[in-house]
Amino acid sequence: MTSTTRLTVAQALVRFLSVQYTERDGVRRRLIDATWGIFGHGNVAGLGQALIEYADEMPYHQGRNEQSMVHAAVGYARQSNRLSAHAVTTSIGPGATNLVTGAALATINHLPVLLLPGDTFAGRPADPVLQQLEVPYAGDVSVNDCLRPVSKYFDRVTRPEALIPAALNAMRVLADPVETGAVTLALPQDVQAEAYDWPDEFFAERTWYVRRPAADPAELAEAVRAVRAANRPLIIAGGGVHHSRAEAALAEFASATGIPVASTQAGKGSLNHDHPQDVGGIGHTGTATADELARLADLVIGIGTRYTDFTTGSHTLFERPGVRFLNLNIGAYDGHKLAGQPLIADASAGLTALARELGPDAYRVSESYIAEYREDKERWEQRVDACYEAEEPDVRPTQPQVLGALDEIVDASDIIVNAAGSLPGDLHKLWRTRSFDQYHLEYGYSCMGYEIPAAIGVKLAAPDRPVWALVGDGTYLMMPTEIVTAVQEGIAIKVLLIQNHGYASIGGLSESVGGERFGTAYRHRSPADGSYTGAPLPVDLAANAASLGMRVLRAKTVSDLREALAVARAADTPTCVYVETETADTVSGAPPAQAWWDVPVAATATRSSAVKARELYERHVSTRRRHL
């Protein structure tokens, strides 16, 4: 007879999660390493009680905002190379709907997080209950259904025994290198507290093997033929290189073949900045070196990339007639993009196989091609030096000079976290990565407010390394609340807070598309016309950070900044460096975009700025092509 243990659904779930593991390349890790939670009537008596019951088996982190808890979990999962993740529990109502943005971010970036929102009563003893959304045409719909389109797996556990297949499916998806993302198990509050006799096998340790699928021989043979036929190939390294831990395999392949390597935001750091084949970022926020190579490439080898519009210049970047694409990707959906030759495999396994089939001396690009891109990269590095240099150290810095000051003090152990605003463009163009995981940019969803909570998650995964959250004032105002969590838990993140009085990135974009920076500045209304063109708002974000318990260092000049950054880096408590930049009314002062990005411009307008922008837009649109 099967032995059983009587537990509530919530207790059974927590106990089950505590014994789930992943394994890849012989390394075994807890799959769900901790749970974040904010409690209300929808989860306090269920999961809240269960987390107390099993506090020794399941660590708990207290959050301040449900969205930011997901961001922290995502930061942890990415730093853990997707082999370990966190769960997030909320009450019903706004607690649950606050998860949606974080869930979308996780799923778009293929990063695992387990969402456990409370739900309304499965037994419906009274309708409506507090915070319940009444849907006249469907009695089984709740606000948790908002999570369906942003989840890779969704289930509502309406009976105790239904938890068993739901939990197993949730783990399957979380550990799947192709399917992983946000996984939602909606838990009605009455079911959470209901008792059931669980088979003890449900609580046995279980290992989920993260596979490395090998390339199909026929696809591999076609890939080898494509590489051998190329004269000006270019590799685009995407986030899949990091997820696979294929950095060493890529470095060996690039060195052996001489093929230059450009990187997406997610793929930056696949090669260190000083690797002979590294040519920097690709696309709209990329370097002139990489983008010129892309324009002339006859073969583009995409490794673990989704080919977003920023990467492809909205399909205007790859100009050469007859250019072909070879896509090494673990997912078939991405492997077939741009009508490319697919090589469906794990990035590391695929690169190793491709190198083996090419042979040690069978293929290498011409020395003239190598000399060309190395000389061009050196010219770009001189532009970076010029952006970083501050000739007068006693003046207010520009944003690139802020990055230059940070660049001076970091080493390979530092991790830089960013997501939105003008900083991603500057970082992609200018930052010199020193390790494969130093550059942590969330640009799949580019979610303002990600940086501070994500830095907490990264620091939890890498407690012995300096972790920096780089934020502008607009991003900071979106979600500073987890500073309190960092202070409470003694998580010594470093926040570099840059004040430029508004949405600098969108302000620049607005100006370029004829929007005249409308609604992008943080300023008083002008008494003359009511526009936001008056004096900057008297908002003291440094004082705000200090009021949340963080140590704050104010820097007014480049010299101050260098000193403050050094102090912050050495700090063992949460520390913020606050600096106001010189470029309050421009995007950043970094080199302009080296490739186009399609943001449609008004087709009809009376204002001259929009008319001129439309003319330029139509010229760019005319260069777009379908790769077939």
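Per chain, residue numbering runs from 1 following the sequence as it is written. At least 70 in pLDDT is required for a residue's local features to be given in this predicted model, at least 80 for side-chain atom pairs to be given and counted, and no such filter applies to totals for whole chains, interfaces and linings, which use all residues. Computation of side-chain values: all heavy atoms of the structure, hydrogens and water removed.

S.K.: Now, about the pairing of strand β3 (residues 27-30): what can you tell me, with residues and values included?
M.R.: Here is the key point about a regular strand: its side chains alternate between the two faces of the sheet. As defined by bridge partners, strand β2 (residues 20-24) adjoins β3 across four bridges and the pair is classed as antiparallel. In the strand pairing of β3, Arg24 is matched with Val27. By the convention used here, strands pair only if DSSP detects at least 2 bridges between them. In this text, helices come from DSSP runs of H or I with a minimum length of four residues, and strands from runs of E with a minimum of two, each type numbered from the N-terminal end.

S.K.: Give me the nonpolar core: which residues, what numbers.
M.R.: With 52 residues, the main nonpolar core has Leu250 and Ile303 as its most contacted residues. Should any heavy atoms of two residues lie within 4.5 Å, those residues are considered in contact. With residues near it in sequence (within four places) discarded, Leu250 still touches Ile235, Ala237, Val241, Val261, Ser270, Leu271, Ile303 and Leu351. One finds Ala106, Val467, Leu497 and Ala545 within the second-largest nonpolar core, a separate group that totals 48 residues. Side-chain atoms within 4.5 Å are what join buried Ala, Val, Leu, Ile, Met, Phe, Trp, Tyr and Cys residues into a set we call a nonpolar core. Using a 1.4 Å probe on the protein chains alone, a residue whose accessible area is under 20% of its type maximum counts as buried, one over 50% counts as exposed, and one in between counts as partly exposed.

S.K.: Run through helix α6 (residues 163-174), naming residues and quoting values.
M.R.: The length a helix should cover is 1.5 Å for every residue beyond the first. In this model α6 runs 16 Å from its N-terminal to its C-terminal C-alpha over twelve residues, within 8% of the 16 Å that 1.5 Å per residue would give. Within α6, the full set of buried residues consists of Leu163, Ala166, Ala167, Ala170, Met171, Val173 and Leu174. The buried residues of α6 all sit within an arc of 165° when viewed along its axis, so they share a single face. By definition, the arc is the one covered by directions from the helix axis to the C-beta atoms.

S.K.: Account for the packing of helix α16 (residues 399-409) against helix α17 (residues 423-430), with residues named and values stated.
M.R.: Think of each axis as a best-fit line through the C-alpha atoms, taken over the contacting stretch in the case of a helix, with angles from 0 to 180 degrees between the N-to-C directions. Where α16 meets α17, the axes come as close as 11 Å, and the angle between the chain directions of the two elements is 55°. Classified by the angle their axes make, α16 and α17 are oblique. Judged by the twist between their axes, the crossing of α16 over α17 is right-handed. Where α16 approaches α17, its residues Gln399, Pro400 and Leu403 are matched on the opposing element by Leu423, Asp426, Leu427 and Leu430. Charged means Asp, Glu, Lys or Arg here, nonpolar means Ala, Val, Leu, Ile, Met, Phe, Trp, Tyr, Cys or Pro, and polar covers whatever is left, Gly included. Taken together, the residues that form the contact of α16 with α17 break down as five nonpolar, one polar and one charged. Roughly parallel refers to an angle under 35 degrees, roughly antiparallel to one over 145, roughly perpendicular to one between 65 and 115, and oblique to any angle outside these ranges. For any pair of crossing helices, the crossing counts as left-handed if the nearer helix is rotated counterclockwise from the farther one by less than a right angle, and right-handed if it is rotated clockwise.

S.K.: Let's hear about the environment of Arg562: which residues, and what values?
M.R.: Structurally, Arg562 can be placed in helix α23 (residues 558-570). Counting along the chain gives 158 residues from Arg562 to Gly404, while the straight-line C-alpha distance between them is 9.4 Å.

S.K.: An account of the packing of aromatic side chains is needed here, citing residue identities and associated values.
M.R.: A pair of Phe, Tyr and Trp rings is counted when the ring centres sit within 6.5 Å of each other, with Trp represented by its six-membered ring. The angle between the planes then sorts it: under 30 degrees is stacked, over 60 is edge-to-face, the rest tilted. On inspection of all chains with the given rule, the structure shows twelve aromatic pairs. On the numbers, 4.5 Å between centres and 10° between planes, the contact of Phe16 with Phe202 is stacked. In this pair, Phe16 sits in helix α1 (residues 9-17) while Phe202 sits in the loop between β10 (195-199) and β11 (206-209), placing the two residues 186 residues apart along the sequence. No difference in accessibility class separates Phe16 from Phe202, as the two residues are buried. The interplanar angle of 85° and the centroid separation of 5.6 Å between the aromatic rings of Tyr369 and Tyr373 together place this pair among those described as edge-to-face. A residue pair is termed a helical-turn pair when its members lie 3 or 4 positions apart in one helix, as Tyr369 and Tyr373 do in helix α15 (residues 367-388) at four residues. You can call Tyr369 buried: its relative accessible area is 2%. Pairwise contacts between aromatic rings join Phe16, Tyr196, Trp198, Phe202 and Phe203 into one cluster. Note on geometry: a ring has a charge over it if NZ (lysine) or CZ (arginine) is within 6 Å of the ring centre and within 35 degrees of the ring normal. Positioned over the ring face of Trp431 is Arg434, at 6.0 Å from the centre of the ring.

S.K.: Break down unusual backbone geometry for me, with residues and values.
M.R.: Across the junction of Asp127 and Pro128, the peptide omega takes the value -5°, indicating a cis bond. Checked against the element boundaries, Pro128 lands in the loop between β7 (113-119) and β8 (153-156). Positive phi values are uncommon outside glycine, yet Asn81 reaches one of about 60°. By the element assignment, Asn81 lies in the loop between α3 (66-79) and β6 (85-90). Taking the relative accessible area as the measure of exposure, Asn81 reaches 8% and is therefore buried.

S.K.: How would you summarise the pairing of β7 if you had to cite specific residues and measurements?
M.R.: With seven of seven residues buried, β7 lies mostly within the body of the structure. Neither face of β7 is exposed, since Val113, Leu115, Pro117 and Asp119 on one face and Leu114, Leu116 and Gly118 on the opposite face are all buried. Pairing of β6 with β7 involves four bridges; the strand directions are parallel. When the sheet's bridge partners are listed, Val88 is paired in β7 with Leu115.

S.K.: Please provide a residue-by-residue account of the sheet that holds strand β9 (residues 182-188), values included.
M.R.: With respect to topology, six strands assemble into an open sheet ordered β5-β4-β6-β7-β9-β8, the strand pairing being parallel. Lying at the two open borders of the sheet, with one neighbouring strand each, are β5 (60-62) and β8. Taken pair by pair, the neighbouring strands of this sheet meet at an average axis angle of 20°, ignoring direction. In this structure, strand β4 (residues 32-37) lies alongside β6, joined through five bridges in parallel fashion. Across the sheet, Ala34 pairs through a bridge with His86, a residue of β6.

S.K.: If you had to explain the sheet that holds β11 to someone new, which residues and values would you point to?
M.R.: Backbone hydrogen bonds are what pair the strands of a sheet, in a parallel or an antiparallel way. Taken in spatial order, the three strands line up as β3-β2-β11 in an open sheet, and their pairing is mixed. On the outer flanks of this sheet lie β3 and β11, each paired with one strand and no other. Strand-to-strand twist across the sheet, computed as the mean angle between neighbouring axes with direction ignored, equals 30°. Two strands pair when backbone bridges link them, and β2 and β11 are joined in this way by four bridges, in the parallel orientation. Note that in β11 the partner of Thr22 across the bridge is Trp208.

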